[in-house]
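# Descriptive structure summary
Listed below are the residues making up each chain.
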Amino acid sequence: MEAHVVEKNIKNNLNSNELLISNLVFSALKTSKQHLTRPANPEWIEHAGQLLFTSCLSKTFEKDRALSELVALGFKTDTIVDHCIPVAATLLGDGWVNDTLSFSECTIGTSNLQILLKFIGQNRERVCDETSGNRYLICSHETEQHTLGALIIGDMLRRKGHSLKVKLSTNYDEVCRLQSTSHYEAIFFSCASYLSIRETAKCVRQVRKMLKQSVPIFLGGSNIEEISQGVDLSCFDLVTNSLSAVNDYVSNKKKRELALDAGALIQ
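Scope of this entry: the structure provided in the associated data block.

Conventions used here
Residues numbered from 1 in each chain as written. Predicted model: local features only at pLDDT ≥ 70, side-chain atom pairs only at ≥ 80, totals over all residues. Heavy atoms only, no water. Helix = DSSP H or I, 4+ residues; strand = E, 2+ residues; numbered from the N terminus. Buried < 20%, exposed > 50% of the residue type's maximum accessible area, 1.4 Å probe, protein only. Contact = heavy atoms within 4.5 Å. Phe/Tyr/Trp six-rings, centres within 6.5 Å; stacked < 30°, edge-to-face > 60°. Polar contact = N/O pair within 3.5 Å; in protein donor to acceptor, adjacent residues only side chain to side chain. Axes fitted to C-alpha atoms, helices over the stretch in contact; angles between N-to-C directions. Parallel < 35°, antiparallel > 145°, perpendicular 65-115°, else oblique. Left-handed = near helix turned anticlockwise from the far one by under 90°. Nonpolar A, V, L, I, M, F, W, Y, C, P; charged D, E, K, R; others polar.

Secondary-structure assignment places Leu117 in helix α7 (residues 103-123). On the basis of relative accessibility, which here comes to 3%, the residue Leu117 falls in the buried class. Separated by 32 residues in sequence, Leu117 and Ile85 place their C-alpha atoms 8.0 Å apart. With near-sequence residues (within four places) excluded, Leu117 lies in contact with Val81, Ile85, Leu148, Leu151, Ile152 and Asp155.

As structure tokens, then:
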């Protein structure tokens, strides 16, 4: 099986500093500023991200207050999840790389962003479109220290009417068990570090051997084009940072299966 890479632009060389901190905060939080600033007022998004960055580093961080402050500035919760939180995460990563933040500060800040993200998701009205929504299992491997990306992906998919389960710090036994009992239409792994991407690929190869039925398995992450350099990802159906590409792949697969079933009935 050959993995199809969507929106993939891999750098030819990685410098020594990137390799040394591959399993730390930098690789997990480094994202494209151009991608994050697509809203009509990118400067205002950056300002909100800076406020959230400062807030999440506070020893007195409160998720309710952090959310209220951004809402008071006029931001909707969807914008906060899709743009403000990633900007704050990027600033945390930059702080680690530039030695202006310690590892513990980065870890605490990231943890607080995840707390805020979960809080927003729990308070949002859940909408599942059973007519067109897909059923996903969203995972991060047990070697992946940074799970913010998986949570953001889950929130985005839920908003689009998809049903899903998020399983963090998982292994191939758990993935196989969940897939065998719930029969998800696709499995999505979120990956953020040079170390975990190899272990994630190894996990998926084991999953492929264990599962009796074939299921689409995807790999994504904000810096996937960087950390995937030189790694064999042929076990994945798609390697992409585009949720639209993932949804299209699953929807097209369902259409093909329906067409085959209809043809079999006619015969």
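One pass over the structure, following the stated rule, counts four aromatic pairs. Ring geometry for Phe188 and Phe218: centres 6.4 Å apart, planes at 55°, overall tilted. Taken as a pair, Phe188 in strand β4 (residues 186-190) and Phe218 in strand β5 (residues 217-220) lie far apart in primary sequence, 30 residues in all. Each of the two residues, Phe188 as well as Phe218, counts as buried. Judged by relative accessible area, which is 0%, Phe218 ranks as buried. Taken together, Phe188, Phe218 and Tyr249 form an aromatic cluster joined through their ring pairs.

Below, the discussion takes up the side chain of Asn134. Within the secondary structure layout, Asn134 lies in the loop between α7 and β2 (135-141). Residue Asn134 is classed as buried on the basis of its relative accessible area of 0%. Within the structure, Asn134 has its side chain in polar contact with the side chain of Lys254 (distance 3.0 Å). Excluding anything up to four places from it in sequence, Asn134 contacts His162, Ser163, Glu185, Asn247, Val250, Ser251 and Lys254.

Packing of helix α9 (residues 172-182) against helix α10 (residues 194-210) brings their axes to within 9 Å, and their N-to-C directions diverge by 40°. Taken together, the axis directions place α9 and α10 in an arrangement best described as oblique. Crossing geometry of α9 relative to α10 is assigned as right-handed. Across the interface between the two elements, Tyr172, Val175 and Cys176 from α9 touch Cys203, Gln206, Val207 and Met210 from α10. Here the contact of α9 with α10 is composed, by residue class, of six nonpolar, one polar and no charged.

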